[in-house]
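Fold and geometry: a report
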Amino acid sequence: GATDTINAKETDPVAAIREIAGQGSMGADYALECTGNLEVLRQSVDCLNMPGTAALIGGAPAGAEYTLDHLTTLWGRTVRGILGGEGQSEQLLPTLVDLHAQGRFPFDRLVEFFTLDEVNEAMAASARGDVLKPVLKMA
């Protein structure tokens, strides 16, 4: 259902989302942050309409902290963490498998496999943003 794409390396994603949303709107009603990158997390909140909800799924490093402008939440924006599909695995996983079979969820384009001895390379590629989801093969 996506209608627009934004290359964040070439343009400010917050400004682009607000432009796509059009006049009379401050941005998106919902943002789904899946990277765990704290800059992207902040952008996911900053691009919201009032009210709007940012759902945080990405796993930032342990101890990572982020800041938001205080007016962000005063204006009715919500920041919500989501863990493991909110316990809906029995519905979520078969749906994702069906979407993949239909060609509508190309998760294989989101992952890159590394051997266990390439763990440092996997972490570096993830930190650079070259890989969205590094997966270690144990055998």
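Residue positions are given per chain, counting from 1 as you read along its sequence in written order. Only residues with pLDDT of at least 70 get local features here, since the model is predicted, and only at 80 or more are side-chain atom pairs given and counted; chain-wide, interface and lining totals rely on the full set of residues. Only heavy atoms go into the side-chain values, all of them from the structure, while hydrogens and water stay out.

**Digging into the overall build of the chain**
Convention followed: Helix and strand labels come from DSSP, where a helix needs a run of H or I of at least four residues and a strand needs a run of E of at least two; each type is numbered from the N terminus. Only protein chains enter the accessibility calculation, which uses a 1.4 Å probe; a residue whose area is less than 20% of its type maximum is buried, one above 50% is exposed, and one in between is partly exposed. When checking whether two residues touch, look at their non-hydrogen atoms; a contact exists if any pair is within 4.5 Å. His is not counted, nor are the chain ends; Lys and Arg add positive charge and Asp and Glu add negative charge. Taken as the charge location is NZ of Lys, CZ of Arg, CG of Asp or CD of Glu.
Counting its secondary structure elements, the chain contains five helices and five strands. Tracing the chain from N to C terminus, the helices and strands come up as α-β-α-β-α-β-α-β-α-β. Once the C-alpha set of the chain is aligned to its principal axes, its extents read approximately 55 × 35 × 30 Å. The buried share of the chain, reckoned over its 139 residues, is 18%. When contacts within the chain are restricted to residue pairs at least 6 apart in sequence, those whose partners lie at least 24 apart make up 39%. If you average the places of the 10 positive and of the 19 negative side-chain charges in the chain, the two averages end up 1 Å apart.

**Considering helix α2 (residues 38–46)**
Inclusion rule: Under the rule applied, a polar contact is a pair of N or O atoms within 3.5 Å (in protein, one hydrogen donor and one hydrogen acceptor; residues adjacent in sequence only if both atoms are side-chain atoms).
Three or more residues of α2 are buried, namely Leu41, Ser44, Val45 and Asp46. Structurally, α2 contributes buried residues whose contacts are with α1 (13–21), β1 (28–33), β2 (48–56), α3 (70–74) and β3 (78–81). Taking the backbone nitrogen of glutamate 39 as reference, a side-chain oxygen 2.8 Å away marks asparagine 37 as the first, capping residue of α2.

**Comments concerning the sheet that holds β1**
Within a beta sheet, neighbouring strands are joined by backbone hydrogen bonds and run either parallel or antiparallel to one another. Filter applied, for reference: Pairing between strands is defined by DSSP: at least two bridges between the two strands are required. The angle between two axes is taken between their N-to-C directions and runs from 0 to 180 degrees, where each axis is a line fitted to C-alpha atoms and a helix contributes only its stretch in contact.
Taking strand neighbours across the sheet as the criterion, the three strands line up as β1-β2-β3 in an open arrangement whose pairing is parallel. The open sheet has two edge strands with one neighbour each: β1 and β3. Strand after strand, the sheet turns through a mean of 15 degrees between neighbouring axes, direction not considered. Along the sheet, α2 contacts β1, β2 and β3; its crossing angle with β2, the most-contacted strand, is approximately 150 degrees.

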